[in-house]
Amino acid sequence: MAMEFVAARDLDDALAAKAQQPDAELLAGGTDLMVEVNLAHHRPSQVISLRRVAELREVTRSRIGSGARWSRLEQGPHRGLAQAARTVGSPQIRAAGTIGGNVGTASPAGDGLPWIAAADASIEIRSAERGTRVVPWREFFTGVKRTSIQPDEIITAVVVPDDLPEHQEFAKVGVRNAMVISTVSCLVMRGHDGFRVALGSVAPTPIRATRAEQMINAESTISETVLDEFARIVSQEVKPITDHRSTEGYRRHAAGVLARRLVERSAR
Amino acid sequence: MNIRIKVNGEERSVDVAGADSLLTVLRNGLDLPGTKDACEQGECGSCTVIFDDEAICSCLVMAVDADGSEVTTVEGLGSEDDLHPFQEAMLAEGGVQCGFCTPGVVVAGSHLLAENPAPSEIEIREALSGNICRCTGYGAILRAFETVTREDA
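In this text the structure is predicted, and so the values were computed from the model without any measurement.

Thresholds applied
The numbers attached to residues start from 1 for each chain and follow its sequence in the written order. Here every chain gets a letter starting at A, and every ligand a number starting at 1, in the order they are written. With pLDDT at 70 or above as the cut-off, local features in this predicted model cover only qualifying residues; side-chain atom pairs require 80 or more to be listed or tallied, and sums for whole chains, interfaces and linings still use all residues. Numbered from the N terminus, helices here are DSSP runs of H or I no shorter than four residues, and strands are runs of E no shorter than two. We compute the radius of gyration over the C-alpha atoms and compare it with the globule rule, which gives 2.2 Å times the number of residues raised to the power 0.38. Two residues form a contact once the distance between their C-beta atoms, set from the backbone, is within 7 Å. Should DSSP find at least two bridges between two strands, the strands are taken to pair. Fitted lines through C-alpha atoms give the axes, limited to the stretch in contact for helices. The angle between two N-to-C directions lies from 0 to 180 degrees. Three exposure classes are used, all based on how many other C-beta atoms lie within 10 Å of a residue's own C-beta (placed from the backbone): buried at 20 or more, exposed at 12 or fewer, and partly exposed between those limits. Note that the arc is computed from the directions linking the helix axis to the C-beta atoms. Throughout, the ten residues Ala, Val, Leu, Ile, Met, Phe, Trp, Tyr, Cys and Pro are labelled nonpolar, Asp, Glu, Lys and Arg are labelled charged, and all others, Gly among them, are labelled polar. Those domain boundaries reflect an automatic or database domain assignment. In what follows, roughly perpendicular refers to angles from 65 to 115 degrees, roughly parallel to angles under 35, roughly antiparallel to angles over 145, and oblique to any angle outside these ranges. In this scheme the crossing of two helices becomes right-handed for a clockwise turn of the near helix relative to the far one and left-handed for an anticlockwise turn of less than a right angle. Nonpolar core, as used here: buried Ala, Val, Leu, Ile, Met, Phe, Trp, Tyr and Cys residues forming one set through C-beta atoms within 7 Å.

This part covers the overall build of chain A. For chain A, the count of helices and strands is 11 helices and 13 strands. Computed over C-alpha atoms, the radius of gyration of chain A comes to 19 Å, within 12% of the 18 Å expected from 2.2 N^0.38 for 268 residues, which places it in the range of a compact globule. By principal-axis analysis of the C-alpha atoms, chain A measures approximately 65 × 40 × 30 Å. For chain A, contacts bridging at least 24 residues in sequence account for 63% of all contacts bridging at least 6.

Pasting the structure below:
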């Protein structure tokens, strides 16, 4: 059976196609979909390409278009997201892959997701029939590669609150520097309301280390003892699994070490 | 489905099947086997081409989605009689062992030099971080960069 293919020219075009073919797969950078095609012999029957939709590539401080590529986000406007973007794949992958793809795929290891959680950002979604809705990240990510998006909807942007802390630090642990899927990733923000700590690859969805945040934000000085206790709570609070990439124990340990290191870095 | 792409400066028209990658179409449909097919998951960089001014992995481009685009493969960088300066430097420094990663390295390297004629060593290492050489011949590849940037200076 021949594959049906729509090269959407603009967002209305893409939304109309998705309304007509709700089972169609969306293609942006191809860094997930084409791996399935090449290695898992996945044969999509309907594909809608978003590559030509210029509206989706627009980036401002408060709204990051879903079609923004990692190579663009490496340049800003948000420090922590730029750091995360810089660790995605390789230059070839960053020139193709988009933040919308990261959000839509919703892998626990998605490099952009801890930043979204730390920023308390929302996901803007649109459909031809029901228009736009904005879903807080906690309601959007529902499980491993599961989201609350409906079949006729398209992710249009990540919506960013405007009171974001300036101090933002991202790091991830993996087996090598480039071209690696994270074993644990962490993003720390420091603002006047204290520290925010988000982690990836340690639960089905990106998470905030809420107990560890409360603990450290109740302290007046960040001593070595406080940092030790903070790291211990982060390690306790995460819910990692053992898989082909790492073990539960190592991930707990690494989560505590990373979070502690980023708190120290962001407090400088 | 039939697509039209400009490959190495030439307008070409080619039939593509289903979700076939640009890599498959370049090698099999357009008879340009210089671009190498190895991991097919964007990890190794051996299929790197310039696609609408960006160095990307052609295995991750759905060929039907490349309709109307412009592609440069290693065949478009130089010919046997008129090599690209980076190809000359790779030869001079012995930057080629088994040769499988070489087309991807040459495309990624020439793309870096086009955008930044005097890259630092960190910038070079970063630009090549998506090109994996299993012969571990990176030292010679880095020396090729030194040679070509010195000559340009």
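There is more to say after this.
Time to look at the sheet that holds strand E3 (residues 48–51) of chain B. All names here are of chain B. With mixed pairing, five strands are arranged side by side in an open sheet as E2-E1-E5-E3-E4. Looking at strand neighbours, the two that pair on one side only are strand E2 (10–15) and strand E4 (54–57), the edges of this open sheet. For this sheet, the mean inter-axis angle between neighbouring strands, taken without regard to orientation, is 40 degrees. As judged from the two bridges shared by strand E1 (residues 2–7) and strand E5 (residues 70–72), these two strands associate in the parallel manner. Bridge pairing in E5 links valine 7 to valine 71. The sheet contacts of helix H3 (residues 102–115) involve E3 and E4, and relative to E3 the element is tilted by about 40 degrees.

Further remarks concern helix H1 (residues 11–20) of chain A. All names here are of chain A. Within the span of H1, buried status applies to Ala14, Leu15, Ala17 and Lys18. In a view along the axis of H1, the buried residues occupy a sector of 160 degrees, so they form one face of it. Where H1 is buried, its residues meet strand E1 (4–7), strand E3 (46–49), strand E5 (122–127) and strand E9 (154–159).

Moving on, we come to the sheet that holds E5(A). Residues and elements named next belong to chain A. Spatially, the four strands line up as an open sheet ordered E4-E9-E5-E6, and their pairing is antiparallel. Looking at which strands have only one partner, the edges of the open sheet turn out to be strand E4 (63–65) and strand E6 (131–136). Neighbour to neighbour, the strand axes of the sheet diverge by 30 degrees on average, direction disregarded. Where E4 meets E9, three bridges bridge the pair, whose relative direction is antiparallel. Across the sheet, arginine 63 pairs through a bridge with valine 159, a residue of E9.

Contact with chain A, which involves 25 residues of that partner, is made by 25 residues of chain B. At the level of elements, E1, helix H2 (33–39), E3 and helix H5 (91–94) of chain A are the ones that each hand at least two residues to the side of chain A that touches chain B. Ranked by residue count, the leading element in the side of chain A that touches chain B is H2(A), at five residues. In the side of chain A that touches chain B, the residues fall into 16 nonpolar, seven polar and two charged.

So, about the domain arrangement of chain B. How big an interface is tends to be stated in terms of the accessible area lost upon association of its parts. Residue and element names in this part refer to chain B. Once the domains are mapped, chain B shows domain 1 (2–76) and domain 2 (85–152). For domain 1 and domain 2, the distance between their C-alpha centres works out to 21 Å. Listed by partner, the interface residues are 13 residues for domain 1 and 11 residues for domain 2. It is E3 that provides the largest number of residues to the side of domain 1 that touches domain 2, a total of three residues.

Let us look at helix H4 (residues 79–86) of chain A. Listing the buried residues of H4(A) in full gives Gly80(A), Leu81(A), Ala84(A) and Ala85(A). In an axial view of H4(A), the angular spread of the buried residues amounts to 140 degrees, which keeps them on one side of the axis.

A few words now on the packing of helix H9 (residues 210–217) of chain A against helix H10 (residues 224–237) of chain A. Residue and element names in this part refer to chain A. One can describe the packing of H9 onto H10 by two numbers: an axis separation of 8 Å at closest approach and a directional angle of 165 degrees. By the angle class used here, H9 and H10 are roughly antiparallel. Two packed elements cross with a definite hand, and for H9 against H10 that hand is right-handed. Between H9 and H10, the residues in contact are Arg211, Ala212, Met215 and Ile216 and Val226, Glu229, Phe230, Ile233, Val234 and Glu237, respectively.

In globular proteins that are soluble, nonpolar side chains generally tend to be buried together. Core analysis: the largest hydrophobic core is formed by 124 residues, its most contacted members being Ile48(A), Cys186(A), Val234(A), Ala255(A) and Ala259(A). Three or more residues apiece are contributed to this core by two domains, here domain 1 (2–76) and domain 2 (85–152) of chain B.

Residues and elements named next belong to chain B. Relative to E4, E3 runs antiparallel, the two being bridged by four bridges. The residue of E4 that forms the bridge with phenylalanine 51 is glutamate 54. The antiparallel pairing of E3 with E4 creates a hairpin that spans two residues between the two strands, and aspartate 52 there sits at a positive phi of about 45 degrees.

Another point: the pairing of strand E12 (residues 194–200) of chain A. Across a regular strand the side chains alternate sides, sitting on one face of the sheet and then on the other. All names here are of chain A. Buried residues dominate E12, accounting for six of its seven residues. Bridge count between strand E11 (residues 184–191) and E12: seven bridges; the pairing is antiparallel. The residue of E12 that forms the bridge with serine 185 is glycine 200. Where E11 hands over to E12, the hairpin turn is made up of two residues, counted between the paired strands.

Further remarks concern the environment of Arg190(A). Position of Arg190(A) among the secondary structure elements: in strand E11. Sequence-distant contacts of Arg190(A), that is, excluding residues within four places in its chain, are made with Pro165(A), His167(A), Phe195(A), Ser266(A) and Ala267(A).

Right, let's get into the packing of helix H2 (residues 85–93) of chain B against H3(B). Helix-helix packing is described using two parameters, namely the angle between the two axes and the distance between the axes. Residue and element names in this part refer to chain B. Packing of H2 against H3 brings their axes to within 9 Å, and their N-to-C directions diverge by 125 degrees. Considered as vectors, H2 and H3 are oriented oblique to each other. As for how H2 packs across H3, the hand of that crossing is right-handed. The residues of H3 that touch H2, namely those facing Phe86, Gln87 and Met90, are Val106, Gly109, Ser110 and Leu113. Of the residues assigned to the contact of H2 with H3, the class counts are four nonpolar, three polar and no charged.

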